[in-house]
Amino acid sequence: MTNLEKYDKLFLETFHLQPDGLPGLKYRGIQAWDSVGHMDLMSAMEETFGISVSTPDLLDFSSYEKGKEILAKYGVEL
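Residues numbered from 1 in each chain as written. Predicted model: local features only at pLDDT ≥ 70, side-chain atom pairs only at ≥ 80, totals over all residues. Heavy atoms only, no water.

Some thoughts on helix H2 (residues 35–49)
Piece 1. Here H2 is 15 residues long and its end C-alpha atoms lie 21 Å apart, about the 21 Å a rise of 1.5 Å per residue gives.
Piece 2. Among all positions in H2, only Gly37, His38, Leu41, Met42, Met45 and Phe49 are buried. All buried residues of H2 lie within an arc of 135 degrees about the axis, which places them on one face of the element. Opposite the packed face of H2, turned more than 90 degrees from it, sit the exposed residues Val36 and Glu47.
Piece 3. Elements in contact with the buried residues of H2: helix H1 (3–15), helix H3 (55–60) and helix H4 (64–73). (Helix = DSSP H or I, 4+ residues; strand = E, 2+ residues; numbered from the N terminus. Expected span 1.5 Å × (residues − 1). Buried < 20%, exposed > 50% of the residue type's maximum accessible area, 1.4 Å probe, protein only. Arc of directions from axis to C-beta. Contact = heavy atoms within 4.5 Å.)

In structure tokens:
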């Protein structure tokens with residue numbers, strides 16, 4: 001499984017979405033992506049990719065697309 005597939009799977013499983021719901025997805029754009037859902041996603045992401053996301057990056061993680069940029073900072077190529 002590629003890193004992009006892993007990344008997508010995190011969103012699909014955490015928020016119970018279909019793949020077509022990922023592009024343009026934003027924090028608080030759906031009911032499931034509230035503060036608790038956000039922390040669940042971050043925790044799963046850290047575990048999946050073996051990283052520790054800083055607080056500023058956690059707060060800046062505001063969309064599906066922005067998450068890709070943030071992961072790149074940690075050396076995760078999607």
